[in-house]
Amino acid sequence: MLSYLLPLLDPTVLGAIALGTLGGLIIGALPGLTATMGVALLIPLTFGMTPVMGLNMLIGIYIGGIYGGCVSAILLRTPGTPASAATVLDGYPMARRGEAGKALGMATIASTIGGLFAAIVLATLAPQLAGIALEFGAPEYFALALFGLTIIASLSGDILKGAISGMLGILIACVGADPISGVLRYTFGVSGFASGFAFTPALIGLFALSEVFTQMENMARGDAPPMRVTGRWPGWKDMRESRNALVRGSIIGTIIGIIPGTGSGTASWIAYNEARRSSKTPEKFGTGYAPGIAATESANNAVCAAALIPLLALGIPGDVVTAVLMGGLMIQGLAPGPLLFQTNPDVVVGIFGGTFIATFFMFIFGMLLIPVFSKILMVPRRMLTASIVIFCFIGSFAINLNPVDLYTMVGFGVLGWGMQKFGFSQAALCIALILGPMLEANLRRGLLQTGDDLLAFVSGPITLLFLGLSLLSVLWPAFSSARARKAAPATSLDKTP
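Notes on the structure follow. (Residues numbered from 1 in each chain as written. Predicted model: local features only at pLDDT ≥ 70, side-chain atom pairs only at ≥ 80, totals over all residues. Heavy atoms only, no water.)

### Some points on the overall build of the chain
Logical step 1: When you go through the chain residue by residue, the secondary structure sums to 22 helices and two strands.
Logical step 2: Per-residue burial over the chain gives 55% buried out of 497 residues.
Logical step 3: Considering only contacts within the chain whose residues lie at least 6 apart along the sequence, 79% involve residues at least 24 apart.
Logical step 4: When the accessible area of the chain is evaluated, it comes to approximately 21100 Å², of which 69% is carbon and sulfur surface. (Helix = DSSP H or I, 4+ residues; strand = E, 2+ residues; numbered from the N terminus. Buried < 20%, exposed > 50% of the residue type's maximum accessible area, 1.4 Å probe, protein only. Contact = heavy atoms within 4.5 Å. Areas by Shrake-Rupley, 256 points an atom, 1.4 Å probe, with all protein chains shown as cover.)

### Notes on the environment of G416
Logical step 1: Relative to the elements of secondary structure, G416 occurs in helix α19 (residues 403-421).
Logical step 2: Residue classification places G416 among the buried positions, given a relative accessible area of 0%.
Logical step 3: Separated by 203 residues in the primary sequence, G416 and F213 have C-alpha atoms spaced 9.4 Å apart.
Logical step 4: Not counting residues within four places of it along the chain, the set of residues in contact with G416 comprises L206, S210 and Q426.

### Some points on empty space enclosed by the protein
Logical step 1: Scanning the model with the defined rule gives two cavities of 30 Å³ or more in all.
Logical step 2: The calculated volume of the largest cavity comes to roughly 60 Å³.
Logical step 3: The set of elements that each furnish at least two residues to the lining of the largest cavity consists of α4 (51-76), α13 (308-314) and α14 (320-331).
Logical step 4: In terms of residue count, α13 provides more of the lining of the largest cavity than any other element does, three residues in total.
Logical step 5: Of the residues assigned to the lining of the largest cavity, the class counts are eight nonpolar, no polar and no charged.
Logical step 6: Roughly 40 Å³ of volume is contained in the second largest cavity.
Logical step 7: In terms of lining, the second largest cavity is formed by I63, S111, G115, N301, C304, A305, T355, T359 and M362.
Logical step 8: Elements that contribute at least two residues to the lining of the second largest cavity include exactly α6 (100-133), α12 (290-306) and α16 (345-369).
Logical step 9: In terms of residue class, the lining of the second largest cavity is built from four nonpolar, five polar and no charged. (1 Å grid on protein atoms, 1.4 Å probe; cavity = no way out; pocket = protein on both sides within 12 Å on 5 of 7 lines; lining within 4 Å. Points joined across faces, edges and corners; volume = space filled by probe spheres on them. Nonpolar A, V, L, I, M, F, W, Y, C, P; charged D, E, K, R; others polar.)

### Here's the deal with a nonpolar patch on the surface
Logical step 1: Where nonpolar side chains cluster on the molecular surface, the patch consists of F117, V247, I251, I255 and I259 and spans about 400 Å² of accessible area.
Logical step 2: Examined against the element boundaries, V247 turns out to sit in helix α10 (residues 236-258). (Patch = residues over 30% accessible without salt bridge, like charges linked within 9 Å, V, L, I, M, F, W, Y side chains within 5 Å. Salt bridge = Lys/Arg side-chain N within 4 Å of Asp/Glu carboxyl O.)

### What about the pattern of salt bridges?
Logical step 1: One pass over the full model with this rule turns up four salt bridges.
Logical step 2: Here R185 and E440 are joined by a salt bridge, their closest N and O atoms 2.6 Å apart. Note that R185 is positioned in strand β2 (residues 184-185) and E440 in helix α20 (residues 426-449), a separation of 255 residues in sequence. No difference in accessibility class separates R185 from E440, as the two residues are buried.
Logical step 3: A salt bridge links R444 to E440, with the nearest nitrogen and oxygen atoms 3.4 Å apart. Taken as a pair, R444 and E440 lie in helix α20 at a separation of four residues, close to a single helical turn.

### Topic: the side chain of D178
Logical step 1: Structurally, D178 can be placed in the loop between β1 (176-177) and β2.
Logical step 2: Polar contacts involving the side chain of D178 include one to the side chain of R185, which spans 3.4 Å.
Logical step 3: Only 2.5 Å separates the side chain of D178 from the side chain of R444, close enough to count as a polar contact.
Logical step 4: What D178 contacts, discounting residues up to four positions off in sequence, is V183, R185, E440 and R444. (Polar contact = N/O pair within 3.5 Å; in protein donor to acceptor, adjacent residues only side chain to side chain.)

### Focus on the layout of surface pockets
Rolled over the atoms, a probe as big as a water molecule pinpoints where empty space is left.
Logical step 1: The computed volume of the second largest pocket comes to approximately 860 Å³.
Logical step 2: If you go around the second largest pocket, you meet 39 residues; those closest to its centre are F199, M330, L433, I434 and P437.
Logical step 3: Counting only elements with at least two residues in the lining of the second largest pocket, the list comes to α8 (159-173), β1, α9 (199-217), α14, α15 (338-343), α19 and α20.
Logical step 4: Element by element, the count of residues in the lining of the second largest pocket is highest for α20, at six residues.

### Here's the deal with the nonpolar core
Logical step 1: Residues V39, Y62, L122, L308, L312, L325 and L435 are the most contacted members of the largest nonpolar core, which totals 126 residues.
Logical step 2: Broken down by element, this core gets its largest block of residues, 15 residues, from α4.
Logical step 3: Discounting residues that sit within four places of it in the chain, L122 has contacts with P127, A305, L308, I309, L312, F352 and T355. (Core = buried A, V, L, I, M, F, W, Y, C linked by side-chain atoms within 4.5 Å.)

### So, the packing of helix α2 (residues 11-29) against α16
Logical step 1: Packing of α2 against α16 brings their axes to within 9 Å, and their N-to-C directions diverge by 50 degrees. On the basis of their axis angle, the class for α2 and α16 is oblique. Between α2 and α16 the crossing geometry is right-handed. Contact with α2, carried on its side by L14, I17, A18, T21, L22 and L25, involves G354, I357, A358, F361, M362, F365, G366 and L369 of α16 and no other residues of that element.
Logical step 2: Of the residues contributing to the contact of α2 with α16, the split by class is eleven nonpolar, three polar and no charged. (Axes fitted to C-alpha atoms, helices over the stretch in contact; angles between N-to-C directions. Parallel < 35°, antiparallel > 145°, perpendicular 65-115°, else oblique. Left-handed = near helix turned anticlockwise from the far one by under 90°.)

### Quick notes on the packing of aromatic side chains
Logical step 1: Under the definition given, this model contains six aromatic pairs.
Logical step 2: With centroids separated by 5.7 Å and ring planes inclined at 85 degrees, the aromatic side chains of Y272 and F285 adopt a geometry described as edge-to-face. Residue Y272 is located in helix α11 (residues 264-278), and its partner F285 is located in the loop between α11 and α12; the two are separated by 13 residues in the primary sequence. By the burial criterion, Y272 is buried, and F285 matches it.
Logical step 3: Ring pairs connect the aromatic residues Y272, F285 and Y289, which therefore count as one cluster. (Phe/Tyr/Trp six-rings, centres within 6.5 Å; stacked < 30°, edge-to-face > 60°.)

The structure is reproduced here in structure tokens:
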């Protein structure tokens, strides 16, 4: 393992990780940009790099981007990323009191603690999951993909819209050659679609270009003025009050990150509500209370490393950003999953070490740049939007030098904008694009192996386990809603004078 970690000490590799982390931090700090967008846009830059360098640069963008969202959340009451939405509740009131620097310092420390905790879990738990996953065959992978899709649908806020988004993603994934017979499907005579839609241009359009369309709608509002930032370190009292929130947020973020189809936004809200529920002074939350920032930021950054566990060990993206990272792995000629630990242990160990290094870089850059964050937020929105459009077209065309990829990017951009506008889950569609082919190929391969005997196909214990979890994930939201409706009349009667 030490020999696998030595390449990380190469100044070029360290520079790539530092550059990726700093770039992700800036992208996350700018309102309207996300870590997903940053990773999707910069994947083409990793083509000429070694797998360890390229993948760790993308992971640095991921970690820096999730953390960077707290900057505009605290300074402007505008979450830079969805993961920082809960940070607004206590970060902005603290900034209004003239304690913006202390709020950013607490967010940086909490993000570092959560990230390091999840990185330790990643390095210790992922190999064990990979060992279990070696027992997987076609039926097990089919059931696992189905489980991932049902989680996406049930956690999309609106179950119906989440399910529609997931089914649309599966339908789009059917475009191209049949995985078993090789017959072309749904190409409408366009030869460029023979191998399906190009993955990276589709992601760039779905997340980056769609955000451009949204920003163009809101352009008339202009940019908010920067806020002066002074100080950077929270006091010992703040740290003492926040220690339980830090531990609880790190654990919640790690658990949420391991579950495929969830994300940093979900983890931060759960951690915030749990910190407030268990606090002796819950009335302080929402008024500029340091534990509120500690809970949300430790949770959403713990998701970063934890989401890599199902990606590396099972080949299932833990969230939207790791779905894009999966494309980066494939571009490097690597297939995520249990065999990756056998065929490319140097890459796996390199990712483990790179996650720790990127987290330390995030802390260093975060603390150093607190005084200048307000200047970063002065970038004119029109200039920012124009730059994103240019990067979208360059990044999409540079992958295959195929003009069809530009049409793919624009088409998915319009689709993503429409989904965002009408409340459909882009995350569900994105991960369905990944899991759809896996679902279909393993279903048909498994049925061929069992002679179309459906009972034999689903008789394995692991298959039955994941099918049961899939059924539970579909029924649980409806059960929770019914229980809440049943309890509502009693609650209203209790409050009657």
